[in-house]
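Residue-level structural notes
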Amino acid sequence: MTFAGKGSRVAGGGWAVAAIAAGWMVAGCGGGGDEAPAANGSAAVSTEKPVEQPILTMPTSTYTGMHEQAFKRINEARIAAGVSALKQSVELDRAAQAHSDYQMRNNIFSHYEDAAYPLFTGVDFAQRAATQVYKNFPQTEVIAWRRPTTSGADHLNWHLNSVYHLAGVLTPNANELGIGFTAAADDPSRVMSSITIGVTDRRLPPVKEPWVWPVDGATQVPVSFVPYTEMPNPLPDVATNYSIKVGPPIMYCRRVNRTVGMRVSVTGLTEVRSSQPLPSWVLKHSATTIMASPGVEVRTDPNLGNTRHCIFVVPKEPLRPGTRYELVMDVEYEGVSTKTQWAFTTAL
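Only a predicted model underlies this, so the values are computations on that prediction, with no experimental measurement involved.

Time to look at the overall build of the protein chain. Helix and strand content of the protein chain: six helices and 20 strands. Sequence-distant contacts in the protein chain: of pairs separated by 6 or more residues, those separated by 24 or more amount to 71%. Surface summary for the protein chain: the accessible area is close to 14600 Å², and the carbon and sulfur share equals 53%.

Following this line, the structure appears as structure tokens:
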């Protein structure tokens, strides 16, 4: 896929979405440790390694410039949302930078590489990580190109105001990343980014549950989202060009297994001052059952693949600047009902 003719885009192609799902499938699984008899012949002693725990504070890194800005922004978001922070992996750095260079060199915007083109290092992000001798577990990849680009954080903010890429950068079973940035030789303001995310222990749990975005109490939340800039487009029949804007995607996620779906009651996003719900779409996996109030249109999204653990509320119109909004979700899962209520304020 070549660069778009105007604006900026982020791509989540089939591999990125599948990787999010594949990573989640094993997030709650136990390890494969063996049990060996004790030396004295008494009770068996488990040799299974303890489950690695999430990183709760900002890790250190050797990044500078745009790489450092992106590293700090993604970890600020993850720590606020309640999933593990990501530490620097030099192997994933090489994989991400190689893919960013490949795309810019060949004027291609895609998660896939073709061995017939220069700078090829692997067909998909998992192969590219293996090429760099990454010994842990690649989870997902997000890519973007921006013009003009102001900072590395700008690329992350783009992902955080999306659907599939938001799920990608906040995927819970991850604790490592690599970052690549490449500027066009003929236009330094056009910058490609590639971020590869991995985990050292597939059983890694989230810090809290559920995790949502925007987080409770967030301020400076964007008032709008342009679905056409995300690939795939989450609203392809509605947002057919760059001029169509909707409200910012709101994400709710929790751990679920592959045999039990969630039942969710959504009353819609409400402007706190007026107490009036806003017409919205709800994007969900086919295994999730949504009970929606009037004005909420439910869509089963095939691009969510096996991603059962998240649903997205997308207001049908941009939000009002400097306004506080609230969302309530009643969720039933495995016979247990929980209510989650949170609020955020849009940017002026």
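The next subject is the nonpolar core. Of all hydrophobic cores here, the largest spans 62 residues; its most connected members are Leu-170, Leu-177, Trp-213, Met-251, Phe-312 and Met-329. If sequence neighbours within four positions are ignored, Phe-312 has contacts with Val-163, Leu-166, Ala-167, Ile-250, Met-251, Trp-281, Val-282, Leu-283 and Leu-304.

What follows is about the packing of aromatic side chains. Within this structure, the stated rule accounts for four aromatic pairs. Summarising the aromatic geometry, the rings of Tyr-63 and Phe-71 are spaced 5.2 Å apart at their centres and angled 55° between planes, so their arrangement reads as tilted. Residue classification places Tyr-63 among the buried residues on the basis of a relative accessible area of 8%. Summarising the aromatic geometry, the rings of Tyr-228 and Tyr-242 are spaced 4.9 Å apart at their centres and angled 80° between planes, so their arrangement reads as edge-to-face. Placement of the pair is Tyr-228 in the loop between β9 (218-221) and β10 (230-231) and Tyr-242 in the loop between β10 and β11 (250-253), with a sequence separation of 14 residues. By relative accessible area, which is 27% here, Tyr-228 ends up partly exposed.

Low pLDDT marks regions whose predicted coordinates should not be analysed in detail. Looking at the protein chain as a whole, the pLDDT averages 87, with 86% of positions reaching at least 70. Across residues 1-7, where pLDDT falls below 50, the model places 24 contacts with residues more than four positions away in sequence or in other chains. This stretch, residues 12-46, has a pLDDT under 50; its non-local contacts, to residues over four places away or in other chains, come to 70 contacts.

In spatial order, the strands read β8-β11-β18-β15-β17; together these five strands make up an open sheet with mixed pairing. The open sheet has two free edges, formed respectively by β8 (211-213) and β17 (296-300), since each of these has just one partner strand. Taken pair by pair, the neighbouring strands of this sheet meet at an average axis angle of 15°, ignoring direction. Bridge analysis of β11 against strand β18 (residues 310-315) gives four bridges, and the strand direction is antiparallel. Residue pairing in the sheet places Tyr-252 in a bridge with Ile-311 of β18.

With 17 residues, helix α2 (residues 65-81) should reach 24 Å at 1.5 Å per residue; the first-to-last C-alpha distance of 25 Å fits that figure. Within the sequence span of α2, burial applies to Ala-70, Phe-71, Arg-73, Ile-74, Asn-75, Ala-77, Arg-78 and Ala-81. The positive-phi residue at the C-terminal boundary of α2 is Gly-82, with phi of around 105°.

Once that is clear, we can look at the side chain of Glu-113. Here Glu-113 is to be found in the loop between α3 (90-106) and α4 (125-131). Exposure remark for Glu-113: the relative accessible area of 6% places this residue in the buried category. Looking at Glu-113, its side chain comes within polar contact range of the side chain of His-99, at 2.7 Å. Here Thr-121 takes part through its backbone nitrogen, which lies 2.8 Å from a polar atom of the side chain of Glu-113. Apart from the residues lying within four places of it in its own chain, the contact partners of Glu-113 are Ala-98, His-99, Tyr-102, Leu-119, Phe-120, Thr-121, Gly-122, Val-123 and Arg-128.

What counts and how
- Residues numbered from 1 in each chain as written.
- Predicted model: local features only at pLDDT ≥ 70, side-chain atom pairs only at ≥ 80, totals over all residues.
- Heavy atoms only, no water.
- Helix = DSSP H or I, 4+ residues; strand = E, 2+ residues; numbered from the N terminus.
- Contact = heavy atoms within 4.5 Å.
- Areas by Shrake-Rupley, 256 points an atom, 1.4 Å probe, with all protein chains shown as cover.
- Core = buried A, V, L, I, M, F, W, Y, C linked by side-chain atoms within 4.5 Å.
- Buried < 20%, exposed > 50% of the residue type's maximum accessible area, 1.4 Å probe, protein only.
- Phe/Tyr/Trp six-rings, centres within 6.5 Å; stacked < 30°, edge-to-face > 60°.
- pLDDT = per-residue confidence, 0-100.
- Pairing = 2+ DSSP bridges.
- Axes fitted to C-alpha atoms, helices over the stretch in contact; angles between N-to-C directions.
- Expected span 1.5 Å × (residues − 1).
- Polar contact = N/O pair within 3.5 Å; in protein donor to acceptor, adjacent residues only side chain to side chain.

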